[in-house]
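Single-letter residue listing:
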Amino acid sequence: MAAEQPTATTRPRPGTGSAAGDATAVAHPNIALVKYWGKRDEQLVLPWTDSLSMTLDVFPTTTRVRLDPGAGEDTVTLDGTPLEGEPRRRVTAFLDLVRERAGSPLRAVVDTRNTVPTGAGLASSASGFAALATAAGAAYGLGLDATGLSRLARRGSGSASRSVFGGFAIWHAGQPDRGGDPDLGSYAEPVPVPVAALDPALVVAVVDAGPKAVSSREAMRRTVATSPLYRPWAASSQADLTEMQEALRRADLDAVGEVAERNALGMHATMLAARPAVRYLSAATVTVLDAVLELRRAGVSAWATMDAGPNVKVLCRRSEADRVAGVVREAVRGGSVHIAGPGPGARLLDAAA
Ligand code: ADP
Ligand code: DP6
């Protein structure tokens, strides 16, 4: 079965009721099975390595962008509260980029709503900037196709480049030192995966929904600058990617899980070796990791991955996800557990919706 086709376009569709200068988009988080960790260009958000992810069918972000001809500055609210400081600066800098491309001086009113905890290692920046890129691209009339949207979303948050697409997606780092425009070479695209045969689910164990003390951005910057383990991990991650693509092609869930788990643990090792160390994994994380090991010993295909936070996503078969969720629920006690499958790409909502 082919991967889901990209559904995003910033060109308002005739007959949908999308009004010029006013667009609403929805996008879902994605979880990387081969991680992005480390930029070679902070300004353009160009990574050192390729990464590969699954977009989820849970935790959507919905973002409305409305141009306001009378406004002297952007207004940005997240879950109904005005954004301030660095989160606001990231959104306004992103809108500046869109305005520059559109040749428009107009400020915007941005109303964004996450259903995923923000800043907890559950990829809110991915769904957030994929939704913002899709809505802002339409409101400012950029007319981008899905590849162009992926490049644009990347500038807001690297992982957002993958949430433009549904199902499985690969984000190409692009070729360093090959000349040409480096921005053009770094975008995500769908990976064809036999989803029915693979039957994948991610059981999301939320052990702590609170925001992280160190942002992903700062943590990866510090890791690249100071961790002696960074370069070896980046090199092995490229080999992981090749193995991952082959495992996905033959719908070998155990191989997919094995590569995903080692790639994630390796990424965390790079941060633990940074100076000063960044440690996102908590005692509760390790309790879930023990439960995953127990499941494997009992013959269940279950493999863990963690991002920049203590929460764990357990890759397993959809047909076994209820059993896995039951075991994980016992382990997290007080946390929450969600079952996610492959979800859709970013899309514009009808104005009337
Ligand atoms: P996470 O693990 O949630 O992705 P990050 O540290 O990578 O955590 O990113 C969190 C940051 O992403 C927030 O502080 C904010 O700057 C940005 N962000 C999250 N959600 C949104 C949104 N809906 N719209 C715009 N920016 C968002
Ligand atoms: C651990 O995409 O949030 O989730 O580009 O600085 O916004 P910025 O970083 P971000 O980093 C995500 C890192 C990760 C791994 C991944 O999603 O590939």
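Residues numbered from 1 in each chain as written. Chains lettered and ligands numbered in written order. Predicted model: local features only at pLDDT ≥ 70, side-chain atom pairs only at ≥ 80, totals over all residues.

Per an unreviewed UniProt entry, the protein chain goes by diphosphomevalonate decarboxylase and derives from Kitasatospora purpeofusca. Taken directly from UniProt, the Sequence similarities (unreviewed entry) text for the protein chain runs: "Belongs to the diphosphomevalonate decarboxylase family." (UniProt positions renumbered as here; feature names shortened; annotations may be inferred.)

Colleague: Is there a simple way to think about helix H6 (residues 216–226) in this case?
Modeller: Each turn of an α-helix holds 3.6 residues, which means side chains three or four residues apart point in the same direction. Considered for burial, the residues of H6 that qualify are Ser216, Ala219, Met220 and Thr223. For H6, the arc enclosing every buried residue in end-on projection is 95°, short of the 170-degree limit, so these residues lie on one face. In the core, the buried residues of H6 are packed alongside strand E3 (39–41), helix H7 (230–249) and helix H8 (253–272). (Buried ≥ 20, exposed ≤ 12 C-beta atoms within 10 Å, placed from the backbone. Helix = DSSP H or I, 4+ residues; strand = E, 2+ residues; numbered from the N terminus. Arc of directions from axis to C-beta. Contact = placed C-beta atoms within 7 Å.)

Colleague: Can you walk me through the site of ligand 1 in this structure?
Modeller: Close to ligand 1 lie 22 residues; Pro87, Ser124, Ser125, Gly128 and Ser216 are nearest. Considering every element that reaches the shell around ligand 1, the biggest residue donor is helix H2 (residues 124–139), with 4 residues. Grouping the amino acids of the shell around ligand 1 by side-chain chemistry returns 8 nonpolar, 12 polar and 2 charged. In terms of domain composition, the shell around ligand 1 takes at least three residues from each of domain 1 (18–194) and domain 2 (195–340). (Near = placed C-beta within 6 Å. Nonpolar A, V, L, I, M, F, W, Y, C, P; charged D, E, K, R; others polar. Domains from an automatic or database assignment.)

Colleague: Hey, could you run me through the confidence of the model for the protein chain in this one?
Modeller: Any region with low pLDDT has predicted coordinates that should not be read closely. Per-chain confidence: the protein chain averages 93 in pLDDT, with 93% of residues scoring 70 or above. In the predicted structure, residues 1–7 sits below a pLDDT of 50 and forms 24 contacts with residues beyond four places in sequence or in another chain. Scored below 50 in pLDDT, residues 12–17 makes 7 contacts in the model with residues more than four places away or belonging to other chains. (pLDDT = per-residue confidence, 0-100.)

Colleague: Explanation requested: the sheet that holds strand E6 (residues 61–68) in the structure shown.
Modeller: Backbone-to-backbone hydrogen bonds pair the strands of a sheet. The strands run either parallel or antiparallel. Taken together, the 6 strands give an open sheet; going across it, the order is E8-E7-E9-E6-E1-E16, and neighbouring strands pair in mixed fashion. Because the sheet does not close on itself, it has two edges, and the strands there are strand E8 (81–82) and strand E16 (347–349). Direction of pairing for strand E1 (residues 22–27) relative to E16: antiparallel, over a ladder of 3 bridges. Opposite Ala25, over in E16, you have Leu348 as the bridge partner. (Pairing = 2+ DSSP bridges.)

Colleague: Explain the pairing of strand E5 (residues 51–55) to me, please; I cannot follow it from the model alone.
Modeller: Every regular strand shows the same layout, with side chains that alternate between the two sheet faces. When you tally the buried positions in E5, you get 5 out of 5 residues, the bulk of the element. Of the two faces of E5, both are covered, the one formed by Ser51, Ser53 and Thr55 as well as the one formed by Leu52 and Met54. By the bridge criterion, 4 bridges tie strand E2 (residues 30–34) to E5 in an arrangement that is antiparallel. From the neighbouring strand, Val34 faces E5, where its bridge partner is Leu52.

Colleague: What is the right way to read the nonpolar core from this model?
Modeller: Soluble, globular proteins show a tendency: their nonpolar side chains are buried together. Ala130, Leu202, Val203, Ala205, Val288, Val314 and Val328 are the most contacted members of the largest nonpolar core, which totals 106 residues. In terms of residues, this core owes the most to one element, H2, which gives 10 residues. Counting contributing residues per domain, this core is built from domain 1 (18–194) and domain 2 (195–340), each supplying no fewer than three. If we skip the residues at most four places from it in the chain, Ala205 touches Val288, Asn311, Val312, Val314, Val328, Val332, Gly335 and Val337. (Core = buried A, V, L, I, M, F, W, Y, C linked by C-beta atoms within 7 Å.)

Colleague: Sorry, what's going on with the UniProt feature "domain: Mvd1 C-terminal" (unreviewed entry) in the protein chain here?
Modeller: As annotated by UniProt and renumbered to match this structure, "domain: Mvd1 C-terminal" (unreviewed entry) occupies residues 203–332. Helix makes up 60% of residues 203–332 and strand makes up 12%, while its end C-alpha atoms are separated by 12 Å.

Colleague: What exactly am I supposed to notice about the packing of helix H9 (residues 283–297) against helix H10 (residues 321–332) here?
Modeller: In a pair of packed helices, the angle between the axes and the distance between the axes together describe the arrangement. Where H9 meets H10, the closest approach of the two axes is 9 Å, and the angle between their N-to-C directions is 145°. The interaxial crossing formed by H9 with H10 has right-handed handedness. Facing Ala284, Thr287, Val288, Ala291 and Leu295 of H9, the residues of H10 in contact are Val324, Val327, Val328, Ala331 and Val332. (Axes fitted to C-alpha atoms, helices over the stretch in contact; angles between N-to-C directions. Left-handed = near helix turned anticlockwise from the far one by under 90°.)

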